[in-house]
Amino acid sequence: MCPDEIDFLPLGMDDDERSFYDENKVNINMQIGMIEREAQERAKLDHCYYCNEPATSFCNSHSVPKFCLRRIAVDGQLFFANTLIDLPYLKEEQGVNKAGTFQLICRKCDGRIFQQYEDPNAYDSLPNGQVLAQIAMKNHLQMIAKRLTERQLYRLLVERNPLVGLWFAKEQQKVIDLDLGEYEYAMCRAKVGARGKRTNYYRMVFYRKLNYTVPIAFQGEITMISDFEKKTINETFNKDNRYRTEPLHIAIFPLERASVVMAFVDSRCKRYKRFEEQLKQLDSDDQLLAIQFIVMSYSENVFYSKSLKGVFQSNEQLATVSRMNSMVMTDRLHANVQPVANAEFDLSKRNTIPNLLTLQYAI
Ligand SMILES: [Zn+2]
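Residues numbered from 1 in each chain as written. Predicted model: local features only at pLDDT ≥ 70, side-chain atom pairs only at ≥ 80, totals over all residues.

## Considering the packing of helix H2 (residues 25-43) against helix H6 (residues 129-160)
Two quantities define a packed helix pair, namely the angle between the helix axes and the distance between the axes.
Piece 1. Put simply, H2 and H6 touch, their axes get as near as 8 Å, and they point 120° apart. Taken together, H2 and H6 sit at an angle that is classed as oblique. Remark: the crossing between H2 and H6 carries right-handed chirality. Judged by residue contacts, Ile-35, Glu-38, Ala-39, Gln-40, Arg-42 and Ala-43 of H2 engage Leu-148, Thr-149, Gln-152, Leu-153 and Leu-156 from H6. (Axes fitted to C-alpha atoms, helices over the stretch in contact; angles between N-to-C directions. Helix = DSSP H or I, 4+ residues; strand = E, 2+ residues; numbered from the N terminus. Parallel < 35°, antiparallel > 145°, perpendicular 65-115°, else oblique. Left-handed = near helix turned anticlockwise from the far one by under 90°. Contact = placed C-beta atoms within 7 Å.)

Printed below as a string of C-alpha cells:
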C-alpha cells in the first residue's frame with residue numbers, strides 16, 4: 001500500500017492467488033458460475049426497460065455494433081479485455097454473438113430504436129445529433145444492465161457471507177444506487193435525442209475518420225477522473241447524491257475500409273473543456289493513442305482483432321494498463337482518494353503502450 005494508505009485494486013491475479021486458483025479450479029469455477037447465473041436471473045426485469053411493455057424474453061443487445069465486431073473478427077472470434085487481464089475463470093476470446101451483450105429491452109425495441117446508428121452509412125460523414133443520441137442511449141442501457149446485475153451480485157455475497165462482506169457490500173450498494181440514478185436521468189435525454197427531435201443534445205469533443213480499418217472496436221461511456229495535467233475532471237469518489245458525474249462517450253468503430261474514432265459529451269457538460277483543449281494540442285497520432293489509453297484503462301468493454309496476438313504477447317504494459325481499476329482499498333474511512341486517483345489515471349502513462357490505432361496495425 002502507498003504511504004497515504006490508499007491503493008487501487010488491479011484486476012487480475014497475483015502469483016499467490018493464481019496458485020490458490022489452480023489448486024481449487026473446479027470448485028471456484030463452479031461457484032463463480034453459479035453466483036453469476038443467479039445474479040443475472042435476479043436482475044432480470046419483468047418488462048422492457050425502454051417501452052415498459054411486459055416481457056419474458058429480451059433481446060441480446062450488442063453494446064458495440066455487430067457490423068464493427070464482424071469486421072475485425074477472425075473465424076467469428078475476438079480478443080477482449082480479459083485476453084490481456086488474464087483472469088483464468090474467464091475465456092481468452094469471445095464469439096461475435098456473445099461479445100459485450102446485455103438483456104434489458106425487447107426485440108421490437110432493439111430493432112427499432114438504434115436503426116440510424118447501427119447503419120454503417122451513418123459514418124460516411126460527420127454523424128448527426130440523432131446518431132450520437134442513439135450511441136449515448138446504448139451506452140446508458142449497457143451501464144444500467146451492468147449495475148443491476150452487480151447490485152444482485154453484492155446482495156448474494158452478503159447473503160452467503162454476512163460478516164465478511166457486509167460493510168464492503170453496503171458501500172458498493174450506495175455507489176451502485178447513485179450510478180443507477182445518474183444513468184436513468186441521462187437516459188431520458190438520450191431517448192428524446194435518439195428520436196431525432198433534438199439535434200443539439202450532444203457535442204463532439206473529438207472526431208477523426210481514418211482511411212484504414214483499425215483492429216479495435218469500442219463503444220461506451222467513461223467517467224474520466226483526471227486530465228492531461230492530472231487535474232480533476234470528475235470527483236468519482238464523491239458520494240453526495242447532489243453531485244453528478246459527467247461521462248465522456250467514446251466510440252471506435254472499424255468499418256469496411258475506414259474507421260471512426262470519436263468522443264462526445266452531453267452538451268450541458270462543462271468539465272471536459274480543458275481536456276478537449278489539451279487533446280487538441282497533441283499531434284494527430286498521439287491523440288489516437290490518448291483515446292486508446294483512456295478506453296483500455298477505464299473500461300473492460302473493448303474488443304480486439306486476433307491479429308494483435310503477437311503484440312499482446314510481446315508488450316506487458318498492455319496488460320498492466322488493461323488491469324487498471326478505480327476500486328479503492330483504504331483503511332481510512334475519509335481518506336482523500338482524489339489526488340491519488342488523479343495520479344493513478346495519469347494520461348502520460350499512454351507512452352508505455354503501442355499505438356494500435358495507427359496504420360501500422362491496420363487490418
Ligand atoms: Zn420494448
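## What to know about the sheet that holds strand S9 (residues 259-266)
Piece 1. Ordered by their spatial adjacency, seven strands build an open sheet running S4-S3-S10-S7-S8-S9-S6, and the pairing between neighbours is antiparallel. Two strands close off the open sheet at either side, each with one partner strand: strand S4 (93-95) and strand S6 (202-210). Looking at each pair of strands side by side, their axes are set apart by 25° on average, direction ignored.
Piece 2. Of the strand pairs in this sheet, S6 and S9 are connected by eight bridges, and their pairing is antiparallel. Residue Leu-210 lies in a different strand from S9, and its bridge partner there is Ser-259. (Pairing = 2+ DSSP bridges.)

## Description of the nonpolar core
Piece 1. Counting 80 residues, the largest nonpolar core has Leu-69, Leu-78, Ala-217 and Ile-252 as the members making the most contacts within it.
Piece 2. Among the elements that line this core, the one with the most residues is H6, at 10 residues.
Piece 3. Apart from residues lying up to four places away in sequence, Leu-69 is in contact with Val-64, Leu-78, Val-96, Ala-99, Ala-217 and Phe-303. (Core = buried A, V, L, I, M, F, W, Y, C linked by C-beta atoms within 7 Å. Buried ≥ 20, exposed ≤ 12 C-beta atoms within 10 Å, placed from the backbone.)

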